[in-house]
Structures are given as C-alpha cells and as structure tokens.
Amino acid sequence: MRVKSRHHLRSDEITAIREAVADHLGVDIDGETFELVEFVDADYELVLVDGDPAVFYVDDDEPFLTVRGANDYDPETGVVTVDAGAISFVSDGADVMRPGIVEADDAIREDDLVVIAEETHGKVLAVGRALVDGDDMLGEGGKVVSSIHHVGDELYEFSA
C-alpha cells in the first residue's frame, strides 16, 4: 500500500470521528494525535490515532474502527459473535454465515457496519456490513455479514 498523503486532522474532524464511532459502537476514542492517511491504491482512508491504525473510512464518509482499533477500544454495540468453527474462515476474509453466529446485537440494522468477534476471548477478527437485521442473524443457513476488512489483510498489516 503506497501512501498518497498524510496529514493531521482538525479538531472538528476529530470530533466527527469520535461521535460517529461512539454512535456505532458505544466507545470513546481518546488520543493526542489523529492523522489521516490516503493511499494511492486503496478504496479507503485510514486514521492513525497516536500512530496506531484505529479508524478507517468506509465508502469515503463513514468512519469506523479497524480490526486493531476494535481490539483496542472494545466495542459495546454493533458486535456479531462467532463460534470457534468460524474463526479460521472469518480471519481469512470470508463472509459470515448464520450457522457460525452465537450472538448478534439486536440493535444492528441491515446495511450497518459491524465488528465480528470470536466467542472465547472476545477478540475482533473482522469488520463487515450487515446483510440483515441483528435479530435475524441467528439460525440456519445464509450469508448475514459481508466482510470488508479482516485480520491479516493489507489494512491490518499497515504500520505507520
């Protein structure tokens, strides 16, 4: 991933990121420095919080925690939890299927961004987009979350 530009964000931009992430996931991002990184060859922009890749923009206008950010800030809402059998698939970027889900936040609505965590330790494995409401995620068969970013992908491996 080649960096096109990198600059510090203004206080109003930082406030907008903090509010959006708090609304989506119920967490407060605190940090001294917020830097926006734009890439030559990627469809997203990254926000470094104190040098760590904590937030990325999905579809240019929707700030959301990265996998690393979600593991650092421990989301309270917007979480889909998968069983041990789904871990290797989700970690490799697979979409999430109903049989692998053990719990989903009922407040999730179709098209929301969500974090996908494993049930044993609560570690976040991926970020995806809900294809159905949270109360319709458990059950038999069918894809319910489309994966966007996962452990080990280019975004996860990026270091400032």
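Before reading further, recall that the structure is shown in the block above.
This one's a predicted model, so the numbers in the text were calculated from it and none came from an experiment.

S.K.: Residue-level account of the sheet that holds strand 1 (residues 3-8), with values.
M.R.: The antiparallel open sheet is built from five strands, whose spatial order is 1-2-3-4-5. Edge strands, defined here as strands with exactly one partner in the open sheet, are strand 1 and strand 5 (62-65). The average angle at which neighbouring strand axes cross in this sheet is 25 degrees, direction not considered. With five bridges joining them, strand 2 (residues 34-39) and strand 3 (residues 45-49) adopt antiparallel strand pairing. From the neighbouring strand, glutamate 35 faces strand 3, where its bridge partner is leucine 48.

S.K.: Break down the packing of aromatic side chains for me, with residues and values.
M.R.: Across all of its chains, the model carries three aromatic pairs by this definition. Measuring from centroid to centroid gives 5.2 Å for phenylalanine 39 and phenylalanine 158, while their planes differ by 85 degrees, and the two rings are edge-to-face. Placement of the pair is phenylalanine 39 in strand 2 and phenylalanine 158 in the segment after helix 4 (154-157), with a sequence separation of 119 residues. For the ring pair tyrosine 44 and phenylalanine 56, a centre distance of 6.2 Å and an interplane angle of 85 degrees mean the geometry is edge-to-face. Separated by twelve residues along the polypeptide, tyrosine 44 in the loop between strand 2 and strand 3 and phenylalanine 56 in strand 4 (residues 52-58) bring together distant segments of the chain. Phenylalanine 56 shares its class with tyrosine 44; the two are buried. The rings of Phe39, Tyr44, Phe56 and Phe158 are connected pair by pair, giving a single aromatic cluster. The ring of tyrosine 156 has arginine 68 sitting right over it, with the charged end atom 4.3 Å from the ring centre.

S.K.: Quick one: what's the story with helix 1 (residues 11-25), residue by residue and with numbers?
M.R.: Think of an α-helix as 3.6 residues a turn; residues three or four steps apart then line up on the same face. With 15 residues, helix 1 should cover 21 Å at 1.5 Å per step; its first-to-last C-alpha distance of 21 Å lies within 8% of that length. Residues of helix 1 that are buried: Ile14, Ile17, Ala20, Val21 and Leu25. Viewed along the axis of helix 1, the buried residues span an arc of 130 degrees, placing them on a single side of the element. Residues of helix 1 that are exposed and point over 90 degrees away from its buried face: Ser11, Glu19 and Asp23. Buried residues belonging to helix 1 abut strand 2, strand 3, strand 4, strand 5 and strand 9 (113-118). Of the residues one or two after helix 1, glycine 26 is the one with positive phi, at around 70 degrees.

S.K.: I'd like a rundown of a negative patch on the surface, residues and numbers included.
M.R.: There is a patch of like negative charges on the surface, built from Asp28, Asp30, Glu32, Asp50, Asp52 and Asp72. Relative to the assigned elements, aspartate 28 resides in the loop between helix 1 and strand 2. Given the relative accessible area of 57%, aspartate 28 is considered exposed.

S.K.: I'd like a rundown of the layout of surface pockets, residues and numbers included.
M.R.: The method is simple in principle: a probe with the dimensions of a water molecule rolls over the atoms, and the space it marks as empty is what remains. Estimated volume of the largest pocket: approximately 170 Å³. Looking at the largest pocket, the residues that line it are Asp74, Pro75, Glu76, Thr77, Val79, Thr81, Glu103, Ala104, Asp105, Ala117, Gly122 and Val124. If you list the elements that add at least two residues to the lining of the largest pocket, you get strand 6 (79-82) and strand 8 (101-104). Its residues placed into classes, the lining of the largest pocket shows five nonpolar, three polar and four charged.

Cut-offs applied
- Residues numbered from 1 in each chain as written.
- Predicted model: local features only at pLDDT ≥ 70, side-chain atom pairs only at ≥ 80, totals over all residues.
- Heavy atoms only, no water.
- Pairing = 2+ DSSP bridges.
- Helix = DSSP H or I, 4+ residues; strand = E, 2+ residues; numbered from the N terminus.
- Axes fitted to C-alpha atoms, helices over the stretch in contact; angles between N-to-C directions.
- Phe/Tyr/Trp six-rings, centres within 6.5 Å; stacked < 30°, edge-to-face > 60°.
- Buried < 20%, exposed > 50% of the residue type's maximum accessible area, 1.4 Å probe, protein only.
- Lys NZ or Arg CZ within 6 Å of the ring centre and 35° of its normal.
- Expected span 1.5 Å × (residues − 1).
- Arc of directions from axis to C-beta.
- Contact = heavy atoms within 4.5 Å.
- Patch = residues over 30% accessible without salt bridge, like charges linked within 9 Å, V, L, I, M, F, W, Y side chains within 5 Å.
- Areas by Shrake-Rupley, 256 points an atom, 1.4 Å probe, with all protein chains shown as cover.
- Salt bridge = Lys/Arg side-chain N within 4 Å of Asp/Glu carboxyl O.
- Lys, Arg positive; Asp, Glu negative; His and termini not counted.
- Charge placed at Lys NZ, Arg CZ, Asp CG, Glu CD.
- 1 Å grid on protein atoms, 1.4 Å probe; cavity = no way out; pocket = protein on both sides within 12 Å on 5 of 7 lines; lining within 4 Å.
- Points joined across faces, edges and corners; volume = space filled by probe spheres on them.
- Nonpolar A, V, L, I, M, F, W, Y, C, P; charged D, E, K, R; others polar.

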